[in-house]
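Below, each chain spelled out in residue letters.
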Amino acid sequence: MTRLRFLHCSDLHLGKRFGQFDEDTRAALQLARQASLARLAEIAVTEQAGHVLIAGDLFDTETPSSRVIRQALAAMGGADGVAWWIIPGNHDSGAAEPLWAEMARHKPDNVHLLMTAEPVEMAPGAVLLPAPCLHRFAGHDRTVWMDTAATADGQLRIGLAHGAVLDFDRDQNGADTITSNRAASARLDYLALGDWHGRFTLDARSQYPGTPERDRFKHPGRGSCLLVELSQPGAPPEVKEIPVGQFDWQDLALELSPTQDITAELMRVLPQDRSTWGETLVRLRARGWVRADQRITLMQQVQDHAPAFRHLDLDTSGLRVEHRAEDLDQIATTGALRAAAEVLLRDSQDVAQSQDSRDVAAAALNRLYAFVRKDAE
Amino acid sequence: MRLTSIRLQNVRRFTDPVEINGIAPGLNLLSAPNEQGKSTIFDALHALFFKDAKSWDKDVRALAPHAGGDPEIEVTLSHRDVDYRVAKQFTKSAGKGSVRVWQGGTLLHQADAAEAWLRDLITSPKDDGPAAMLWVRQGLTDFSDAKETLGARRDLMSSLSGEIGAVTGGQQMESLRREIRAELDRLVTKQGRARANGPLAEAETRLAELTERRDTLAAQVRELRDQLDQRQALRREEAELQDPDEQRARQQRLDEAEAALTTAERHREKCEQAIRGLDLARVRLDQAIGRIETLTARLTDHARAKDAVQTTSTAQERAATTAQTATQELQLAEDAARAAQDRVTAAGKAVADALQAENARLSAGRRRELTAQLAEYDKLQAAMAADRRLAAQGPDAQCLTRLEQQAQAVALARHARAASAATLSVRYYAGADPVLTLDGTVLSDGAEVALTDTATLDVPGLAALTVQPARTGDSDALPQAESALAEALHAAGFDTLDAARAAHLTRSEAASRLKEAEATLRALAPDGREALVAKLDALPAAPADAEGTEADRSGLEAEQAEAQQALTQAQATVTKARHTQASAQEAAQLARARAEAALTELERTAQVLGDNATARATLAELEADRPKLTEDVHSAQAELEGLLASAPDLDQARAAAQRARSVQATAQARLQVIARDLAVLDSRIETHASHAVEEELAEVQDLLAVQEKAHAAVTFEVATLQRLDQALEAAQDGAQAQYLGPLMGELAPLLRRLWPEAELQVDADSVLPSQLARGATEESLTQLSGGTQEQLALLVRLAFARLLAQSGQGIPVILDDALVYTDDARIEALFDALTLQASDLQILVFSCRQKSFRNLGGTALAIRPVDGG
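What to know about the sheet that holds strand β9 (residues 200-203) of chain A
All names here are of chain A.
Next, step 1: With mixed pairing, 6 strands are arranged side by side in an open sheet as β5-β6-β7-β8-β10-β9. The outermost strands of the open sheet, each flanked by one partner alone, are β5 (120-123) and β9. Averaged over all adjacent pairs, the angle separating strand axes in this sheet is 25°, with direction ignored.
Next, step 2: As defined by bridge partners, strand β6 (residues 126-131) adjoins strand β7 (residues 156-162) across 6 bridges and the pair is classed as parallel. Following the sheet pairing, L129 is matched in β7 by G159.

This is the structure in structure tokens:
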């Protein structure tokens, strides 16, 4: 048989709205998600992969709008010479019959909906063993059947499943967990997995590509898909990660201390290539201790740089301000202003007070410092 | 602390070094025209003491010369009798400025330590001692802030509050608090509620809207998921119902049930037939037995009727005889009763006659009695008429009492006369005869006579003695009494009292008798004489023989009672006989009726029976057929039991068939319902899906999380601003309370130096000077003239300086053109005040009014280039 090349992707979550961002960003992220199918098609054509395997969660919900469904089908239908093999995931499970009925009603011929766990010949000499999620929670390992699925000798066996292999960090119990040696026990040449939004390699034959367009800071970077090539049954697969995502998600830790140059440290942590900032979403988690003036500098710097990014969010919940005598001197060396600053400093450090109270006192002191500084300049 | 020299380089116009030497402990004057650098020196000193060397803020930047260069300021000073040199250099490069402190030739401090040393120098050991306020800039003589020249602080009140403000935070504090309040005001109302249309209100509104939207969407999603679940369940059920194997199984179950029902129903028909055969055999047997019993009964009835006719006939005859005897006895009894009745009638008549005679006698007696009463009545009436006349005559009791009283008066008069009269006693000699007479009355032996009137004692034989009693005072009383008595008697118609008494007695007796007679009359005729006459007239006339003989009435009555008793007995006998006769008659009639009934019954039984022989023959035939009929019943029963034992359960077969049909029908109906429900659900799901509620929910949840953070941030901002405002207010209040009182104490004598009895008044709310009272005049500080304002401001500063000096932390007072508007007359008083204060304070006065300040006195200072600089 000839070699088989296909793209493996999952978790497109079409229709996701991203309510935590501003309207422009929301619209941009939605458009990018919707456009990821077209990019996958383009990559498939470019890479001469005749098939795209979507390992579940094509849609974000069980009831996406018709617009989302129809545009997805249109994008897939537009890819000449590419066959799309799709199983429902836990987000768009087979229980969502109207969704899959609409898909079936409007799908172009090159789109294959795999709604039952039975072998399908995806290409001559290559059999696909799908494990569709017919319910949100199956309560069992849906890939068990693959172990006993009979295929003719000399055929490639490719598993397609959606679910956790490890428990990852999901809330549900491990009943749905796919056993980690399924590829071996079912004699699979490749097990195309979905569910984990980041790239994850369980073993050479069992891989998660992550979502082609990232959707959270937890899985940083740009989304990707996997180009898989199987030469013959039993041979190890050749897997290549191909970037797909338009937006780069970065979760950056900014460790600060009073002796640091805030500006320099910030610029060290932020992506160096400024040309990419417009397509980068950053969560900047400032931690440690800074002086009052450093805090103001940090705020100003972040405020200054934020418009250059698609999104820049500064989380200061882990950052404490250390007020020193000279900081207070900058507020006032004498008089009532000095007295007020000292009271606030004392309250912000008074462990007998609640954390909320201390936080408010510290913030009030920061505020006083900022006022005075602004006044002086 | 006091300054001894100042040196500047690269400070504004002084690019080359200049110095002021010889600054004395007390009052110093630097008098020079404008533009000579006085204010530069002032600002340089200010920067040295109050600006961090690393600072390059606008105040510091303002010190740099146009040509560039780093400002250098150096002073020598004496503090607690030790000399120090302090040099500070500001530089444009951030954080590169330097500060050093030397003691003698030794570097004592530098950098932060030197700044701290400087701070300690100008900070009150108490806590937040002010210093900057003691230094008055040029152009700020009215104490307004240059930045706010157009603002409210142009006036003296603001200037003074600025004085105090230096401890309470000054203009910076005020501007800060204004800014904080403005920000707070944008967020919340004074009551702490979110301000309408403000950021907090908007955050709250948005949060509420999103929460509501989230809840609505969550409900819709729940509904949608329910619908999806329902749809799936329906689809599963539909598939099961439409499964061909299931459908075949259902049909087979129905066919089998129907066949079993047919079999059971046929068997049931056989059973019913057998039941009917058994019923027929039983009827036949029962009929034969019935006929046997009927015939036997009829024969028995006929024989019994015959016996009854014989018995009743004999009884009838016996009853007739008894009735006849009873009738005869009744007649005898009725005869005896009639005789007894006649005897009673006769006895009654005799008793009535006797009673009539007795009544006539009683009536005559009564008449006599009434007649006698009438006669007595009339007699009494006559006597009473006489007595009434007597009772009307003679003196009544009253008249007699009067007479008796007058007689008593006569007696009393008389007695009185006798008591006072001479007394004549006679004692005869033994043997002599009583011969003496007095007024003709013989006086007996031992006689004793009172001589009340003229009397004549005759001694027979001897002489006639006339005795004349002596006259007393009331000798007329007796004759008057007697005369009155006589008149009364005469008036009453009597001659003597006794006659009057007798007449009164007659009258009383007559009255007494009248009463008695009236009582008797009432007893005789209580209702009057007419009533008596009427009673008499009412009596029956006396019969002619009313006085006839008296019959033996009791004997007659005994006879009558005896006859009555006999009659009663006879009547009882008749009653008893009548009863006996009636009973006998009734018994006879009953016996007759029974006999007639027995005959009728005999006729009836004969008729029912018909021919007796035939009946007996029929009975014999029926008895012969009876065993066969009994056998027929037994065989039919055995057949039925056999059938019943082998019968299938028809009810069960019916139930099974019904259930199988129902299952089939229900499946069909259910399929229709499912089809309809699925259509409805699909429509609903499509509606929800077309609105993409799940996607929107996820979006709204994200939005809500963001909004919650935003809301928390605004809330935190409010708390922060409130906390800051509260801290500033508390610090401000504390500082005001700490400084204001002592300040006023220091200020009072200085004020009076310019204006006797002047007093600065403080507003209770703002704790700031508000009015200047001079004698009876009270003026708002804003109304004061420019000169008065600056004088007042200067005095306040001097008071502050004194306050500071007393705390052991005196610093120089520097006045840069502080007196501009003050006229020459008033300025003298101020110079005195300055000189007085300078006794324990270092005061540096910079002035361009060279002429006016010539009289200030003190040490004259000059700005000189540094030799070799």
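Observations regarding the pairing of strand β7 (residues 106-110) of chain B
All names here are of chain B.
Next, step 1: For strand β6 (residues 98-103) and β7, the ladder comprises 4 bridges, and the chain directions are antiparallel. By the bridge assignment for β7, V101 is matched with H109.
Next, step 2: The hairpin turn running from β6 into β7, its antiparallel successor, is 2 residues long, and G104 in that turn takes a positive phi close to 65°.

A look at the environment of H302 of chain B
Residue and element names in this part refer to chain B.
Next, step 1: Mapped onto the secondary structure, H302 falls in helix α7 (residues 244-391).
Next, step 2: Separated by 306 residues in sequence, H302 and V608 place their C-alpha atoms 8.8 Å apart.
Next, step 3: Discounting chain neighbours no more than four positions away, the residues touching H302 are T605, A606 and L609.

Brief notes about the pairing of strand β4 (residues 72-79) of chain B
Residue and element names in this part refer to chain B.
Next, step 1: In the sheet, strand β1 (residues 2-9) pairs with β4 via 7 bridges, with the strands oriented antiparallel. Bridge pairing in β4 links Q9 to E72.
Next, step 2: Direction of pairing for β4 relative to strand β5 (residues 82-89): antiparallel, over a ladder of 8 bridges. Its bridge partner being in β5, H79 is matched across the sheet by V82.
Next, step 3: Counted along the chain from β4 to the antiparallel partner β5, the turn is 2 residues long, and its residue R80 has a positive phi close to 50°.

Description of the interface of chain A and chain B
Next, step 1: With 38 residues of chain A at the interface, the matching set in chain B holds 51 residues.
Next, step 2: Going through the elements one at a time, α3 (97-106), α8 (335-348) and α9 (355-376) of chain A are the ones with two or more residues in the side of chain A that touches chain B.
Next, step 3: If you tally residues by element for the side of chain A that touches chain B, the top one is α9 of chain A, at 9 residues.
Next, step 4: Looking at the side of chain A that touches chain B residue by residue, the class counts come to 18 nonpolar, 10 polar and 10 charged.

Quick notes on the packing of α7 of chain B against helix α10 (residues 497-524) of chain B
Residues and elements named next belong to chain B.
Next, step 1: Contact pair α7 / α10: the axes reach a minimum separation of 8 Å and the direction vectors enclose 155°. Regarding the angle of α7 to α10, the classification is roughly antiparallel. Along this stretch, α7 crosses α10, giving a crossing that reads as left-handed. Of α10, the residues touching α7 (which contributes Q373, E376, Y377, L380, A383, M384, D387, R388, L390 and A391) are T506, R507, A510, A511, R513, L514, A517, T520, L521 and L524.
Next, step 2: In the contact of α7 with α10, the residues fall into 12 nonpolar, 3 polar and 5 charged.

Quick look at the sheet that holds strand β13 (residues 248-256) of chain A
Residues and elements named next belong to chain A.
Next, step 1: The strand order across the open sheet formed by 3 strands is β13-β14-β15, and the pairing between neighbours is parallel. Across the chains shown, the open sheet's two edge strands, defined by having one partner strand only, are β13 and β15 (311-322). Between one strand and the next, the sheet's axes are offset by a mean angle of 10°, whatever the strand orientation.
Next, step 2: Strand direction decides the pairing type here: β13 and strand β14 (residues 280-291), joined by 9 bridges, are parallel. Residue pairing for β14: E255 is matched across the bridge by R287.
Next, step 3: In the packing of helix α5 (residues 262-269) onto the sheet, the strands contacted are β13 and β14, and the crossing angle to β13 comes to about 150°.
Next, step 4: Here helix α6 (residues 292-305) sits on the sheet in contact with β14 and β15, set at roughly 170° to β14.

Digging into helix α3 (residues 111-122) of chain B
All names here are of chain B.
Next, step 1: Compared with an ideal rise of 1.5 Å per residue, which puts 12 residues at 16 Å, α3 spans 17 Å between its outermost C-alpha atoms and is within 8% of the ideal.
Next, step 2: Among all positions of α3, only A114, E115 and L118 are buried. The buried side chains of α3 occupy one side of the element, clustering within an arc of 100° when seen end-on.
Next, step 3: Buried residues in α3 make contact with α1 (38-50), β5, β6 and β7.

Basis of the calculations
Residues numbered from 1 in each chain as written. Chains lettered and ligands numbered in written order. Predicted model: local features only at pLDDT ≥ 70, side-chain atom pairs only at ≥ 80, totals over all residues. Pairing = 2+ DSSP bridges. Helix = DSSP H or I, 4+ residues; strand = E, 2+ residues; numbered from the N terminus. Axes fitted to C-alpha atoms, helices over the stretch in contact; angles between N-to-C directions. Contact = placed C-beta atoms within 7 Å. Nonpolar A, V, L, I, M, F, W, Y, C, P; charged D, E, K, R; others polar. Parallel < 35°, antiparallel > 145°, perpendicular 65-115°, else oblique. Left-handed = near helix turned anticlockwise from the far one by under 90°. Expected span 1.5 Å × (residues − 1). Buried ≥ 20, exposed ≤ 12 C-beta atoms within 10 Å, placed from the backbone. Arc of directions from axis to C-beta.

That's the geometry; what it means functionally is another story.
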